[in-house]
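# Understanding the architecture of this molecule
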Amino acid sequence: MPPHWHERAPRSWQRAQDPWSLLALEPTPAGGALRAQRDPRSGALMGFTEELLPFVGLSAQNSLSLRRPPGPPGQPPQGSATNVPFWPGGLEEPTLEQIRGTHQEEEDIDFETDLLTTPPGLQRGVEYKPPVAGPGGPVSLSSLLGTLDVFELVGDKAGGGPQPPRSDGGGSSSLPPLPPRRADSLEELLKEEQGPPPAPPEPPQEVWAELLDADTPVEGFEELVPDPAFKWPFSPDPFQQRAVLALERGHSLLVAAHTSAGKTAVAEYAVALARRHMTRSIYTSPIKALSNQKFRDFKATFGDVGLLTGDVQLHPEASCLIMTTEILRSMLYNGSDIIRDLEWVIFDEVHYINDAERGVVWEEVLIMLPEHVKLILLSATVPNALEFAQWVGRTKGRILRVLSTRARPVPLQHFLFTGPRHPTLHLLLDAQGGFCTRGYYAAMEAKKEQSSKHAQSFGAKQPNMGGSPGQEQGLWLALLRLLQTRSLLPVVAFTFSRGRCWARAQALGGLDLLSPPERSHVRGFVHKCLGRLGGPDRRLPQVLSVSELLQRGIGLHHGGVLPLLKEMVEMLFSQGLVKVLFATETFAMGVNMPARTVVFDSIRKHDGNSFRDLLPGEYVQMSGRAGRRGLDSTGTVIILCPGALPELADLHRVVLGRPAPLQSQFRLTYPMILGLLRAQALRVQDVMRSSFAEFPLRRDAPVQQRRVAELRAALAALGEPDLGGPLEDLPLYHRAATGLRRARAVLTRRLAESPAGLRVLAPGRVVVVCTPRHRNALGLILQVTSEGPSRTFTTLVLSDQPPEGGGTATDPPLPPDVPYPEDLLLTHLFLPEGPCGYMLEKLQPGDIGGVTTKTLRVNPEKLLQELSPPPGSRARVPSIPLVGAALQELARLAGGVGGVPLLEPPLRDPPSLEAATTTRTLAASLSSFQCVHSPRFPQQYSQFAARQELLEQLEELQFQLSDQSLLLLPEYQQRLEVLRALGYVERGDTVALGGRVASLLSCHQLLLTELLLGNVLAPLNPQEAAALLGCLGGGPGRGGAPENLTPPLQQALQQLLALAQRLAQLQQKFGIPESPEEPLDCSLVPVVYEWARGMPFADIVLLAGVQEGSLVRAIQRLEEMLRELRGAARLLGEPALAAKLESASSSIRRDIVFAASLYTQ
């Protein structure tokens, strides 16, 4: 615009005010439409019919269907907080009973009888009767089917067979003699005439995973896939060929293979296949660094690739999107429209599901993905890959193909290195996986010789290799000279301490591993990367130190290194310009950077609680970085032994142990509960039931459902017992008998588990045996053995003598158990009708019905030796005088009047005392029952007992199939009570405004929501608001109360701490366990405040007293929190607060802390 037009540029036009336009509403969409009916021959209009239009009025706020209209074009890729998710695939639709289920505040209406036909106040209404066809005219198929619906089915009556309905005209009926069968179609009538359908076959056992052969090449692979969607520059391995065939057929996959085996090739083919199908694919990774790296790799391969992380959005419209798993979870809960076009989701490092803090994210995403999305799961080798695939397949309702291979493309050799005095590698594990004990003992001899030489020079004090800086330098220089001589560089040295990483790198002194051309290339690359930083940031001590190390071929990689420097190290390492890399175990978490050699400075680490040996899975993950495919014939793994040599058993367990299986880390979180409650059709219980933790308990659900149907049929066939007259108290008698037996079983079990049981239930004790083959039979304990947690009692049991000539091999079945009071009181004992027989039984504590006060003086060892033939299942005739004498004594005791006195158990623990009291009370009540005097008592008791047993089995199965058996249901109820107490969830489980705000937040949901609702941030300026929230960012601060804060910030901090304490007390009140979130760290408040005010990063590092990388990560997480709170403030209708949070985010988003990733440039 020319300058002389400036005066005339600002113009405005007044708009007429129209307040009524604010009250205008969009018209409700019509739920039905009229369709014309025409004569098919002439086209003449015959009338109109009204039909319902499906999917009318659907929106992202009220429907979980994929048929709902897409959102506005300006909607972010993550979706909107007002959207509900799409219906998860594999999740069962709500049943009719659940839909008809009413809440307490709803009125129960019977839609068959309670509906009115006449409106209130009118004389007549509408009677809904089927239309009567007029005489004459052609009969159409629709009218014929409509007529069929009018007839009533008349069954056989007492007076005769089926009769046709009468004619309305009063004359003879023109209908056929038999009433027509009702059917919805003519096809069903034809099927009925053909006869009853055959009985459905027994459904097979559920199989949701299929294990494919991953080691045999596919014959004719080129003919089976003549036009592959993606071609690699190499010949695919057998498992890659199988994966391509499965992907071409649209199958979901689980690929479990070692590091660097080529799992990424499967992901590349799925991305290319989605591009061919003009659909979209998503590649998820557990960490942001791996997402950035995959973005660079896939961008170079496919071009059309986007990146979605917490703070970066690049090309969200691309066909392939790279993101972290947390971003995908947010997209699913917020109903992102990207899910509509999604064909493949690739989960890299899916074994990360074992992570205690973030493993739940993988389970949530797998459960919430819609049905049309296919899965590719890439994992390290795990022992239960097939079980995990079964869970995924059952959850999503599709068979998952499993490719599991333990073959390494580059075999590994494992060695021990004892020190610089003997710079030799001792073979511990060869390339074929054989453990070499000879190498271990050779290393032990070298260690002893080294100790002997040290004693001759410095006395008897043992050497402490790796202690002083000089010893550190000598150890590593000797190792690196050996590796350089054998051409075993580059090497990754895993050190389980950030401080030791720096110390080991500095101990190398002036060692230079690069040639002049390589050094020149590294210098130019470092200068180019650091040119993106400002002057003060380029002079940071860590930047100068890492740059100097890189120019000598030495690198550092751990959580304390600045992200930009870590990316520089990774890029130079991938080019072979970093010869020695000192790294922590995070370097092995997905970053695909193989080396020639891997070195462990120890096989012990500190896991945050204590020192322990490496787990086999951790060792496999890190050692798998050794061996570059196509460059090395074998990979080399070296375990340093600067001090004492590890024990042989420990080495064997770490190197050859079985990796930890995949285990569920599913837990309930407030965002999950609130996100599911917003979608009223979804239930939190269904998501809990679909979790991996519930899979072992739910895999037999179809079998249990069939068993429930069988039990109901058996109950119907059994019928109700006749309990009239003197049998009225039979149910109470059955309850007393069952309770008495259970109380005695508790007493016997507690006695057998207690130390006193060793004295009471000793050999020679006479007991009452109650088993399916023995009822109230006396037995003599001969031997007590411990098998696992319980004891087994070898007992000589009194029985009938078998018939002459042998008899059957199995005992005849006993009649139904009908216990009379004397049977329950153990006053009526079993007594053989003829000569005494015996059986030698191994009894469990539950088989002993009572312990008597009697003991027999016998020699148990001699009895056991003389009993012959070996114990069997049949009763035998005593042929030994000792056995005969024992049996005669048992028979004498059984024939006494009133039975044998029972021993009072010498137990004083509360469960035993309660069981003893119950036993005495129920035993005393048995004499008051009248049902035992009825002649029909045995028959009716047997029927009633059988029915009660079926009912108990049915109740147990129904409980296992119901929501009440869910493991996390009590915690869900507790968390729901907390949300109700805070007002986030209202009556009817409706999510209130506070709940909608809390569902937007990824950490400290309750505390941050209370901060917003309590208006705590209002009196603070943007810098103070950022500083206050800094204590919630999970930073690496060292604790301690901050000093020299501004009065508003000090007051707000006190309010924050008071809120945190109140919320903790509220959760403890409802019994919620401690949250896994990181605790508050107030020491970062002044650090963030000064950073927001513009203090240079070098001074911030000195003020914080922590490593640079840890501080950067804390500030980045704080910025993500501010971004979430900004969206929450807008949802609350607080534009001023949203602007303040935006300003706070801008004040900390600067300099090296938020330098752009090298992978995205």
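Here, the structure is the one placed above.
Residues numbered from 1 in each chain as written. Predicted model: local features only at pLDDT ≥ 70, side-chain atom pairs only at ≥ 80, totals over all residues. Heavy atoms only, no water.

Of the regular secondary structure elements, the protein chain holds 39 helices and 25 strands. Contacts in the protein chain between residues at least 24 apart in sequence constitute 75% of all its contacts with a sequence separation of at least 6. Working note: accessible area of the protein chain is about 59,600 Å², and carbon and sulfur atoms make up 54% of it. (Helix = DSSP H or I, 4+ residues; strand = E, 2+ residues; numbered from the N terminus. Contact = heavy atoms within 4.5 Å. Areas by Shrake-Rupley, 256 points an atom, 1.4 Å probe, with all protein chains shown as cover.)

By definition, the strands of a sheet pair up through backbone hydrogen bonds, in either a parallel or an antiparallel sense. As summarised here, the arrangement of the nine strands in space is E3-E11-E4-E10-E9-E5-E8-E6-E7, forming an open sheet in which the pairing is mixed. Only two strands of the sheet have a single neighbouring strand rather than two, namely strand E3 (209-211) and strand E7 (313-314). Judged from the five bridges that link them, strand E5 (residues 280-285) and strand E9 (residues 342-347) form a sheet pairing that is parallel. Within E9, the residue paired with isoleucine 282 across the bridge is valine 345. (Pairing = 2+ DSSP bridges.)

Before going further, it helps to spend a moment on the environment of glutamate 866. Looking at the element boundaries, glutamate 866 is found in helix H27 (residues 860-866). For the pair formed by glutamate 866 and leucine 882, sequence separation is 16 residues and the distance between their alpha carbons is 8.8 Å.

Our focus in this paragraph is a nonpolar patch on the surface. On the surface, Trp20, Leu22 and Leu23 cluster together into a nonpolar patch covering about 450 Å² of accessible area. Turning to its location among the elements, leucine 23 is positioned in the segment before strand E1 (32-38). Assessed through its relative accessible area of 58%, leucine 23 is described here as exposed. (Patch = residues over 30% accessible without salt bridge, like charges linked within 9 Å, V, L, I, M, F, W, Y side chains within 5 Å. Salt bridge = Lys/Arg side-chain N within 4 Å of Asp/Glu carboxyl O. Buried < 20%, exposed > 50% of the residue type's maximum accessible area, 1.4 Å probe, protein only.)

A few words now on the nonpolar core. Judged by nonpolar contacts, the single largest core of 211 residues is most densely connected at Phe347, Phe388, Phe582, Leu1029, Phe1097 and Leu1111. Per-element tally for this core: the top contributor is helix H38 (residues 1108-1132), with 11 residues. Those residues in contact with phenylalanine 347 that lie beyond four places of it in its chain are Thr284, Thr325, Leu328, Trp362, Val365, Leu366, Leu369, Leu375, Ile376, Leu377 and Leu378. (Core = buried A, V, L, I, M, F, W, Y, C linked by side-chain atoms within 4.5 Å.)

Residues Val491 and Ala493 line one face of strand E14 (residues 491-494) and the alternating positions Val492 and Phe494 line the opposite face, and both faces are buried. In terms of strand pairing, E14 meets strand E17 (residues 597-600) through four bridges, oriented parallel. In the strand pairing of E17, alanine 493 is matched with valine 599.

Relative to the helices and strands, threonine 1160 is located in the segment after helix H39 (1135-1148). A polar contact of 2.9 Å, which involves the side chain of threonine 1160, links it to the backbone oxygen of serine 1157. Here glutamine 1161 takes part through its side chain, which lies 3.1 Å from a polar atom of the side chain of threonine 1160. (Polar contact = N/O pair within 3.5 Å; in protein donor to acceptor, adjacent residues only side chain to side chain.)

A few words now on helix H30 (residues 937-961). For H30, which comprises 25 residues, the first-to-last C-alpha distance of 35 Å matches the rise-based estimate of 36 Å (1.5 Å per residue) to within 8%. Burial in H30 covers these residues: Phe937, Gln940, Tyr941, Gln943, Phe944, Ala945, Arg947, Leu950, Leu954 and Leu957. Each element contacted by the buried residues of H30 is listed here: helix H23 (701-718) and helix H24 (730-753). (Expected span 1.5 Å × (residues − 1).)

Turning our attention to the pairing of strand E21 (residues 765-769). Within E21, five of the five residues are buried, which leaves the element mostly enclosed by the surrounding structure. Burial along E21 is two-sided: Arg765, Val767 and Val769 facing one way and Val766 and Val768 facing the other are all buried. As paired elements, E21 and strand E25 (residues 848-855) share four bridges and run antiparallel to each other. The partner of valine 767 across the bridge, within E25, is valine 851. Looking at chain direction, E21 and strand E22 (residues 777-787) are connected through four bridges and run antiparallel. Its bridge partner lying in E22, valine 769 is registered against alanine 777.

Before going further, it helps to examine the packing of aromatic side chains. Applying the stated criterion to the full structure yields 21 aromatic pairs. On the basis of an interplanar angle of 20° and a centroid distance of 6.0 Å, the ring pair of tryptophan 232 and phenylalanine 234 is categorised as stacked. Its relative accessible area of 14% is what places tryptophan 232 among the buried residues. Judged by its relative accessible area of 39%, phenylalanine 234 is partly exposed. Ring centres 5.9 Å apart and planes at 80° place the aromatic pair tryptophan 1091 and phenylalanine 1097 in the edge-to-face group. There is no split in this pair, since tryptophan 1091 and phenylalanine 1097 are both buried. When the ring centre of phenylalanine 86 is taken as reference, the NZ or CZ atom of arginine 68 above it lies at 4.0 Å. Of note, lysine 374 hangs over the ring of tryptophan 344, and the distance from its end group to the ring centre comes to 4.8 Å. (Phe/Tyr/Trp six-rings, centres within 6.5 Å; stacked < 30°, edge-to-face > 60°. Lys NZ or Arg CZ within 6 Å of the ring centre and 35° of its normal.)

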